[in-house]
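A closer look at the structure
Listed below are the residues making up each chain.
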Amino acid sequence: MKGSGAGVMGGAAAPVLRADARRNRDKLLAEAAQLFAERGVNAALEEIARRAGVGIGTLYRHFPTRDALIATVYQRESEALYAAAEELAARLPADEALARWMHRSLDMMATKRGLGESLKALLRERPELLAASKSGFPAMVERLLGAAKASGRIRGDIELADVLHALNGIYAAPESVEWRARSGRVLDLLVAGMRQGATVG
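I will try to describe carefully the structure that is included in this document.

**Digging into the pattern of salt bridges**
In this structure the tally under the stated criterion is 13 salt bridges. Among the salt bridges present, the one from Glu-96 reaches Arg-195, with a minimum N-O distance of 3.2 Å. Placement of Glu-96 in helix H5 (residues 94-125) and of Arg-195 in helix H8 (residues 179-195) is noted, with a sequence separation of 99 residues between them. What makes Glu-96 partly exposed here is its relative accessible area of 25%. One connected set of salt bridges, linked through shared partners, spans Glu-38, Glu-47, Arg-50 and Arg-51.

Here it is in structure tokens:
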């Protein structure tokens with residue numbers, strides 16, 4: 001699955017940073033993604049900096065505006081999702097790699113929901129990000145699904161459109177405090193159904 005990881009979203013190359021600055025940037029992005037998923041895009045930037053263990057000035061040096069932080073969080077999360085497909089496929093049985101990756105996609109969706117209208121505005125301004133996301137996601141599902149079918153660990157009659165239809169239904173479920181947990185349970189049921197009747201037990 002070469003070429004499916006970092007860099008999928010395109011755009012200008014990030015500037016070279018010292019190791020400590022890179023660690024701070026990575027921590028800020030990880031905490032921002034989590035806090036945006038928990039509280040929405042208007043979460044306090046000071047709280048993100050505190051969770052990352054840095055000062056607010058460090059946050060602003062890396063991300064001069066909230067919009068810059070939102071754009072980078074979205075791009076980073078998207079690229080991490082595609083890189084995870086390659087990593088999981090390399091170390092897990094094909095059906096488990098598919099299942100784990102679909103669960104990972106729920107984390108990405110939680111982040112996207114937290115970004116809300118700000119993300120919609122960003123994607124209108126930078127349509128190349130949306131185009132890359134729309135093409136990259138089905139391609140990753142198709143690769144993982146194809147490997148799982150070829151391994152005999154899931155049913156051979158499952159089509160890409162079947163899985164995308166099911167995932168779209170899960171992702172489109174109304175927002176609630178139970179959304180993440182219940183979506184994970186539905187994914188487990190989906191995977192169990194795909195394994196039913198597989199040629200390899």
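**Structural notes on the packing of H5 against H8**
Two elements in contact, H5 and H8, have axes whose closest approach is 10 Å; the angle formed by their N-to-C orientations is 155 degrees. Taken together, the axes of H5 and H8 are roughly antiparallel relative to one another. Helix-helix and strand crossings are classified by hand; for H5 and H8 the assignment is right-handed. Residue-level contacts link Asp-95, Glu-96, Leu-98, Ala-99, Met-102, His-103, Leu-106, Asp-107, Met-109, Ala-110 and Arg-113 of H5 to Trp-179, Arg-180, Ser-183, Gly-184, Leu-187, Asp-188, Leu-190, Val-191, Met-194 and Arg-195 of H8. Residues belonging to the contact of H5 with H8 are distributed by class as follows: 11 nonpolar, 3 polar and 7 charged.

**A look at the packing of H5 against helix H7 (residues 160-171)**
It is at 11 Å that the axes of H5 and H7 come closest, and there the two elements cross at 40 degrees. By the angle between their axes, H5 is oblique relative to H7. Taken as a pair, H5 and H7 cross one another with a handedness that is right-handed. When H5 is examined against H7, the residues Met-102, Ser-105, Leu-106, Met-109 and Arg-113 are found in contact with a partner set consisting of Val-163, Leu-167, Ile-170 and Tyr-171. Per-class residue counts for the contact of H5 with H7 are 7 nonpolar, 1 polar and 1 charged.

**A short note on the environment of Ala-166**
With respect to the helices and strands, Ala-166 occurs in helix H7. We classify Ala-166 as partly exposed; its relative accessible area is 24%. For Ala-166 and Leu-187, which are 21 residues apart along the polypeptide, the C-alpha to C-alpha distance reads 8.8 Å.

**Regarding the side chain of Glu-47**
By the secondary structure assignment, Glu-47 is in helix H2 (residues 45-52). Note on Glu-47: relative accessible area 17%, which makes it buried. Apart from the residues lying within four places of it in its own chain, the contact partners of Glu-47 are Leu-35 and Arg-39.

Criteria and thresholds
Residues numbered from 1 in each chain as written. Predicted model: local features only at pLDDT ≥ 70, side-chain atom pairs only at ≥ 80, totals over all residues. Heavy atoms only, no water. Salt bridge = Lys/Arg side-chain N within 4 Å of Asp/Glu carboxyl O. Helix = DSSP H or I, 4+ residues; strand = E, 2+ residues; numbered from the N terminus. Buried < 20%, exposed > 50% of the residue type's maximum accessible area, 1.4 Å probe, protein only. Axes fitted to C-alpha atoms, helices over the stretch in contact; angles between N-to-C directions. Parallel < 35°, antiparallel > 145°, perpendicular 65-115°, else oblique. Left-handed = near helix turned anticlockwise from the far one by under 90°. Contact = heavy atoms within 4.5 Å. Nonpolar A, V, L, I, M, F, W, Y, C, P; charged D, E, K, R; others polar.

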